[in-house]
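# Overview (structure and organization)
In case you want the letters, here they are:
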Amino acid sequence: MQVGDRIAFDRYEWRVLDMQSSMALIITEKIVEQRAYHNVYKDTTWKDCEIRRYLNSEFYDRFEDANKSRIIQASVINPDNPWYGTKAGEDVQDNIFLLSLDEVCRYFGDSTEKLYNRGNNRYWKKNDENNSKRMAVFGNMYFWWWLRSPGRHNRLAAYVHGTDGCVGVNGNNITNSNGGIRPALWLKL
């Protein structure tokens, strides 16, 4: 197994994003479903959002027992939004999670320079050579998907645009139920 490989695990196809000793960080190749980030329009961080609860209960519970034993509970670090300074909340322990702004910029090519050097840009640069690497399909069309990081305030969550792969650092309304989910997890090899 190498970074960039596609693998089958349980009922999904996954992409390998990182390898560390005897484990791999993987994300679903496609958007697996649509859900709101949170069920109430109020200041919310990853620690308290509905989508985190869902991923680590109902979604996780669907895995076969043998596969659950290969999922490593990870320390999920929640950095603040670097463009707006929005607080991301406490770090947590999760079996399944969404990527952060930093992770989506680091693992899909390296666009961290653009993330941490905003300049006068209000929106992510469409000329980022890594945008197409972040695009994902839901059904038979490209669609946008959630990240766990906050947007410009805590009633918005960061996301990846569907048709161009740009990173939505400013965020989307957390109650928008059209948001795609691409779960990520650390897998014991």
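What counts as what
- Residues numbered from 1 in each chain as written.
- Predicted model: local features only at pLDDT ≥ 70, side-chain atom pairs only at ≥ 80, totals over all residues.
- Heavy atoms only, no water.
- Phe/Tyr/Trp six-rings, centres within 6.5 Å; stacked < 30°, edge-to-face > 60°.
- Buried < 20%, exposed > 50% of the residue type's maximum accessible area, 1.4 Å probe, protein only.
- Lys NZ or Arg CZ within 6 Å of the ring centre and 35° of its normal.
- Helix = DSSP H or I, 4+ residues; strand = E, 2+ residues; numbered from the N terminus.
- Contact = heavy atoms within 4.5 Å.
- Expected span 1.5 Å × (residues − 1).
- Arc of directions from axis to C-beta.
- Polar contact = N/O pair within 3.5 Å; in protein donor to acceptor, adjacent residues only side chain to side chain.
- 1 Å grid on protein atoms, 1.4 Å probe; cavity = no way out; pocket = protein on both sides within 12 Å on 5 of 7 lines; lining within 4 Å.
- Points joined across faces, edges and corners; volume = space filled by probe spheres on them.
- Salt bridge = Lys/Arg side-chain N within 4 Å of Asp/Glu carboxyl O.
- Pairing = 2+ DSSP bridges.

### Topic: the packing of aromatic side chains
- The final tally for this structure, using the stated rule, is 14 aromatic pairs.
- Note on Y54 and F59: the rings are 6.3 Å apart at their centroids and 55 degrees apart in plane angle, and the pair reads as tilted. Like F59, Y54 is buried.
- Put simply, the rings of Y37, W46, F138, F143, W144, W146 and Y159 touch in pairs and so form one group of aromatic residues.
- Against the face of F63 rests R11, its NZ or CZ located 5.5 Å from the ring centre.

### Some words on the environment of I26
- Here I26 shows up in strand β3 (residues 23-28).
- On the accessibility criterion, I26 (0% relative accessible area) is buried.
- Taking C-alpha positions, I26 is 14 Å from D94, a pair spaced 68 residues apart along the chain.
- Ignoring sequence-local partners within four residues, the contact set of I26 consists of I7, F9, W14, R15, V16, P183, A184, L185 and L187.

### What about helix α1 (residues 50-61)?
- With twelve residues, α1 should reach 16 Å at 1.5 Å per residue; the first-to-last C-alpha distance of 16 Å fits that figure.
- Among the residues making up α1, those that are buried are I51, R52, Y54, L55, F59 and Y60. End-on view of α1: buried residues confined to an arc of 155 degrees, all on one side of the axis.

### Concerning the side chain of R134
- Inspection of the secondary structure puts R134 in helix α5 (residues 131-134).
- For R134, the side chain forms a polar contact with the side chain of D128, separated by 2.9 Å.
- A distance of 2.5 Å separates the side chain of R134 from the side chain of N131, its partner in a polar contact.

### Observations regarding the side chain of N95
- Note on placement: N95 falls in the loop between β7 (92-94) and α3 (101-107).
- Exposure remark for N95: the relative accessible area of 14% places this residue in the buried category.
- When neighbours within four sequence positions are excluded, N95 is seen to be in contact with N56, Y60, I71, I72, Q73, A184 and L185.

### Focus on the layout of surface pockets
- Space inside the largest pocket adds up to approximately 260 Å³.
- For the largest pocket, the lining is made up of 17 residues, of which S75, I77, E103, R148 and W186 are closest to its centre.
- Elements represented by at least two residues in the lining of the largest pocket include exactly β3, β6 (74-76) and α3.
- Top contributing element to the lining of the largest pocket by residue count: α3, with four residues.

### Considering the pattern of salt bridges
- All chains considered together, the criterion is met by 17 salt bridges.
- Overlapping salt bridges bring together R6, R15 and E29 as one network.

### So, the sheet that holds strand β1 (residues 6-9)
- The sheet built from five strands is open, its strands ordered β1-β2-β3-β14-β5 with antiparallel pairing. On the outer flanks of this sheet lie β1 and β5 (71-72), each paired with one strand and no other.

### Details of the pairing of strand β10 (residues 145-150)
- β10 sits mainly inside the fold: six of its six residues count as buried.
- Sheet analysis places β10 next to strand β11 (residues 156-160), joined by three bridges and oriented antiparallel. Counted as the bridge partner of W146 is Y159 from β11.
- The antiparallel pairing of β10 with β11 creates a hairpin that spans five residues between the two strands.

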